[in-house]
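Chain residues, written in single-letter form:
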Amino acid sequence: MEADKVQRVAVLGAGVMGHGIAQVAAVAGYDVTVRDIAQEYLDNAEAGIKDSLGRFVSRGRMSQEDMDAALARIKYTLDLGEAVKGAQLVIEAIPERMEIKHKVWAEAAAKAPKDAILASNTSSLSITGIAEAVPNPERFIGMHFFNPPAIMKLVEVNQGEKTSEATVEAVQELARRMGKTPVWVRKDASGFIVNRVLVTYLNEAGKLLDGYGVEQIDAAMQHKAGMPLGPFMLSDLIGMDIVYNILKVFEENLGPEYAPCPRITKLYEAKKLGRKTGEGFYSYETRPSVSEEQAEGFDVKLLLKPFVEEAEKVVAEGIASEEDVDTAMKLGANLPRGPFEMKHMGLGEERPILTDKKDGVLTVTVNRPGKLNSMTAEMLEMIGEALDAAAKDESIRCVLFKGAGDRAFCAGADISQFPLLDVEGARSLSRLGQTTYRKIVELPKPVVAAVDGYCLGGGNELAIHCDFRLASEKASFGQPEVNLGLITGWGATYILPRLVGKSLASEMMMTGHRLNAEEAHKAGLVNAVYPAEEFEANVQEYVKTLVDGPPLALAAMKKLVNMEDLEEASNAEADEFSNLWNYGDLMEGIRAFNERRKPEFKGE
Ligand code: COA
């Protein structure tokens, strides 16, 4: 059955997942019949769908007409035969017990059209195992939505041993038509992608509790690793019974190292299941929260390493591609980055952009020292968010940019991402850098760059958008893009000549000539140079003067100093920057950088 031919969808099971899926399918324009074994369940489903769509309407995300049309497309029945009759897609979301699934599927497969796609929303049972109940398992597949289906974008498309490629393709397309992002789970494996990687990570966190505290680990993962919730708050949210039972299945299918850890077992046995019972790792009399200070002493690598390793196992076992694992973890577990993206960032021990507010100063640290703080698109976005927050926060009087580690402020855009871009991607990257850095100029508060080490390319562009640059003696400034066969893309062509004059700016950009701290000082690029060992103290003192200054007068002066038309220059720069992706010299430049040799440019 091809995706195009699907018009009618039967949903077996009217629980939270079942009716959520029915809603999604109806909103996407399919005629849907929901079936369950008691009228009460159907009534609850109908009320649940109305309630959910009503909320979309009241928030302006859907029109009343669209809601009414979607509701009119959904029927409810107690009769399995009636539900599956004429359906080209049957999705089952009934209790996770193999014998119940077998019984329902045997009947559904017999009564559904012979070419219908048969999909189970199971999150824990084997697709191949469930498919034993149907006569033609090549049409049987997993279509695993996440809770709540109306909101969560991910669908794991789980291929059983006998599922045909055509069925996989059709279901991926159907998921897309329902507004979801499918990931292809190529092998029938316990926990598929998200549960396998996530629940194993929760268990690994539990194993660390001999040496560290619950709050300490949660605080570190939340504040330092950028997870939306720490592992223990997340276990409490999911429910200890669910976490425990999934781990038991893993233990049986994947090996003893997946056995639930003692702390999770103990809570499960004591029926302290988390939020739903009022107690788990935390007590829920009040809403628990953890502060940045509590993270002290826990190295997030201890937990990120096994997390990434589990993801690597999923790929090594042929279950899914790295890209799909990253997508699944971001969309299915709400993580800011997938495990392979984390690995690529240099095992993102910590967030690549750190912010810290103290005594009127927002310190923004570019934190990717293993890669000389080179800047990715994601980091630019994080900087943009920090600047937006600084604009709104009256208690912030000054922003200070720094680089982590002792080698670099920032060695420019992350070159490793360049080969993945096309002309449009390059234009967006240029635009993103420009708009992010322009926020520095537009922020009505003084911004200081403290440069200790390399300040190159997009790093120098960050610095020159600031109002002040302070350098340690070992700082080094340059625009080395030319060595790659590239031009600057984040504002230097406009800003740099205005700071150091056209001659020197042209020399820096066209020859890649770098300035040491003293030269940069003489050229007016930096405001002051300090010995390395006194750098931090001097920076703090400099910043204090600004924090103590009159905010309104400083804002007015900043505005007047920067009154120039950046717009036209930015447009032209983004055009020229991305245009270079049309030619071979740039990739030659990047290859030469990677191979540590001199590039051979041909002008083509
Ligand atoms: N993008 C991606 N990775 C970068 C990077 C960049 N802009 N700058 C440095 N790195 C990485 C290196 O690849 C290396 O990673 P690895 O250890 O995984 O191999 C790591 O950071 C350390 O850099 P390395 O080159 O080994 O240090 P070095 O002391 O030999 O040289 C520089 C330092 C700054 C001269 C050199 O890294 C460099 O020229 N970087 C590129 C600067 C640039 O062209 N920026 C503009 C980009 S548009």
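Residues numbered from 1 in each chain as written. Predicted model: local features only at pLDDT ≥ 70, side-chain atom pairs only at ≥ 80, totals over all residues. Heavy atoms only, no water.

(A) Expanded view of the overall build of the protein chain. Each helix and strand in the protein chain was counted, giving 25 helices and 18 strands. Counting only C-alpha atoms, the protein chain reaches 85 × 55 × 50 Å along its principal axes. Here the protein chain holds 604 residues, and 53% of them are scored as buried. Excluding contacts between residues fewer than 6 apart, the proportion of contacts in the protein chain whose partners are at least 24 apart in sequence is 71%. Accessible area for the protein chain stands at about 26,900 Å²; split by element, carbon and sulfur atoms hold 51% of it. Taken together, the 68 basic and 91 acidic charged side chains of the protein chain have centroids lying 2 Å from each other. (Helix = DSSP H or I, 4+ residues; strand = E, 2+ residues; numbered from the N terminus. Buried < 20%, exposed > 50% of the residue type's maximum accessible area, 1.4 Å probe, protein only. Contact = heavy atoms within 4.5 Å. Areas by Shrake-Rupley, 256 points an atom, 1.4 Å probe, with all protein chains shown as cover. Lys, Arg positive; Asp, Glu negative; His and termini not counted. Charge placed at Lys NZ, Arg CZ, Asp CG, Glu CD.)

(B) View of the site of the ligand. In the vicinity of the ligand there are 17 residues, among which Lys371, Arg407, Ala411, Ala413 and Ile415 approach most closely. Between the ligand and Ala413, the relevant distance is 2.9 Å, taken from a nitrogen atom to a main-chain nitrogen or oxygen of the residue. Here the ligand, which alone exposes 860 Å², has 72% of that area covered by the protein. A breakdown of the residues in the shell around the ligand according to their chemical character gives nine nonpolar, two polar and six charged. (Near = heavy atom within 4 Å. Polar contact = N/O pair within 3.5 Å; in protein donor to acceptor, adjacent residues only side chain to side chain. Nonpolar A, V, L, I, M, F, W, Y, C, P; charged D, E, K, R; others polar.)

(C) Up close: helix H13 (residues 301-316). Over its 16 residues, H13 runs 21 Å from end to end, which matches the ideal 22 Å to within 8%, given 1.5 Å per residue. All of the buried residues in H13 are Leu303, Leu304, Pro306, Phe307, Val308, Glu310, Ala311 and Val314. Turning to H13, the residues buried within the fold contact helix H8 (194-207), helix H9 (214-224), helix H10 (231-238), helix H14 (322-333) and helix H15 (339-344). Gly318 occupies a position one or two residues after H13 and carries a positive phi of about 75 degrees. (Expected span 1.5 Å × (residues − 1).)

(D) Region of interest: unusual backbone geometry. The omega angle of the peptide bond from Asn147 to Pro148 is -5 degrees, so this bond is cis rather than trans. Notably, Leu372 is not glycine yet its phi reads approximately 50 degrees, a positive angle. Its place among the elements puts Leu372 in the loop between strand S10 (361-366) and helix H16 (377-392). Judged by its relative accessible area of 21%, Leu372 falls in the partly exposed class. One non-glycine residue, Asn373, adopts positive backbone phi at about 55 degrees. One can find Asn373 in the loop between S10 and H16. With relative accessibility at 0%, the residue Asn373 sits in the buried group.

(E) Layout of the packing of aromatic side chains. Within this structure, the stated rule accounts for eleven aromatic pairs. Centroid distance Phe232 to Phe281: 4.7 Å. Interplanar angle 55 degrees. Geometry classified as tilted. A residue pair is termed long-range when its members are at least 10 positions apart, and Phe232 in helix H10 and Phe281 in the loop between helix H12 (262-269) and H13 qualify at 49 residues. Given a relative accessible area of 0%, Phe232 falls into the buried group. Take Phe281: its relative accessible area is 13%, and that puts it in the buried class. Measuring from centroid to centroid gives 5.7 Å for Phe468 and Tyr542, while their planes differ by 65 degrees, and the two rings are edge-to-face. With Phe468 in strand S15 (residues 468-472) and Tyr542 in helix H22 (residues 535-548), the pair connects residues that are 74 residues apart, well separated along the chain. We classify Phe468 as partly exposed; its relative accessible area is 21%. Across from the ring centre of Trp184, 4.3 Å away, lies the NZ or CZ of Arg186, which sits over that ring. (Phe/Tyr/Trp six-rings, centres within 6.5 Å; stacked < 30°, edge-to-face > 60°. Lys NZ or Arg CZ within 6 Å of the ring centre and 35° of its normal.)

(F) Up close: helix H19 (residues 492-500). Of the residues making up H19, those classed as buried are Ala492, Tyr494, Ile495, Leu496, Pro497 and Val500. Residues of H19 that are buried sit in contact with helix H18 (458-465), helix H20 (502-511) and helix H24 (567-579).

(G) Summary view of the packing of H10 against helix H11 (residues 240-254). Interaxial distance between H10 and H11 falls to 5 Å at its minimum, and their mutual angle equals 100 degrees. Relative to H11, H10 is oriented roughly perpendicular. Taken together, the residues of H11 that come into contact with H10 (itself represented by Ser235, Asp236 and Ile238) are Met240, Ile242 and Val243. The class makeup of the residues in the contact of H10 with H11 is four nonpolar, one polar and one charged. (Axes fitted to C-alpha atoms, helices over the stretch in contact; angles between N-to-C directions. Parallel < 35°, antiparallel > 145°, perpendicular 65-115°, else oblique.)

(H) Representation of the sheet that holds strand S16 (residues 476-478) within the structure. Strand order in the open sheet formed by four strands is S12-S14-S16-S17, with mixed pairing between adjacent strands. The open sheet has two edge strands with one neighbour each: strand S12 (408-410) and strand S17 (515-516). Taken together, the three bridges between strand S14 (residues 454-456) and S16 define a ladder with parallel strand orientation. Its bridge partner being in S16, Leu456 is matched across the sheet by Gly478. Across the sheet, H18 lies against S12, S14 and S16, angled at about 90 degrees from S14, the strand it touches most. (Pairing = 2+ DSSP bridges.)

(I) Representation of the side chain of Asp218 in the model. Within the secondary structure, Asp218 sits in helix H9. Contacts of Asp218, omitting those with residues within four sequence positions, involve Gly230, Pro231, Phe232, Met233, Tyr282 and Val290.

(J) Spotlight on the side chain of Gln216. Note that Gln216 resides in helix H9. Excluding residues that lie within four positions of it along the chain, Gln216 makes contacts with Gln294, Ala295, Glu296, Gly297 and Phe298.

(K) Local environment of the nonpolar core. Leu12, Val90, Trp105, Met221, Phe281, Phe307 and Met329 are the most contacted members of the largest nonpolar core, which has 82 residues in total. By residue number, the principal contributor to this core is H8, which donates seven residues. (Core = buried A, V, L, I, M, F, W, Y, C linked by side-chain atoms within 4.5 Å.)

(L) Highlighting the environment of Gly239. Along the chain, the position of Gly239 falls in the loop between H10 and H11. Along the chain, Gly239 and Ile130 lie 109 residues apart, while their C-alpha atoms are 25 Å from each other. If sequence neighbours within four positions are ignored, Gly239 has contacts with Leu273 and Lys276.

(M) Focus on a negative patch on the surface. Taken together, Glu473, Glu518, Glu519, Glu533 and Glu534 make up a surface patch of like negative charges. Mapped onto the secondary structure, Glu533 falls in the loop between strand S18 (528-530) and H22. Exposure remark for Glu533: the relative accessible area of 68% places this residue in the exposed category. (Patch = residues over 30% accessible without salt bridge, like charges linked within 9 Å, V, L, I, M, F, W, Y side chains within 5 Å. Salt bridge = Lys/Arg side-chain N within 4 Å of Asp/Glu carboxyl O.)

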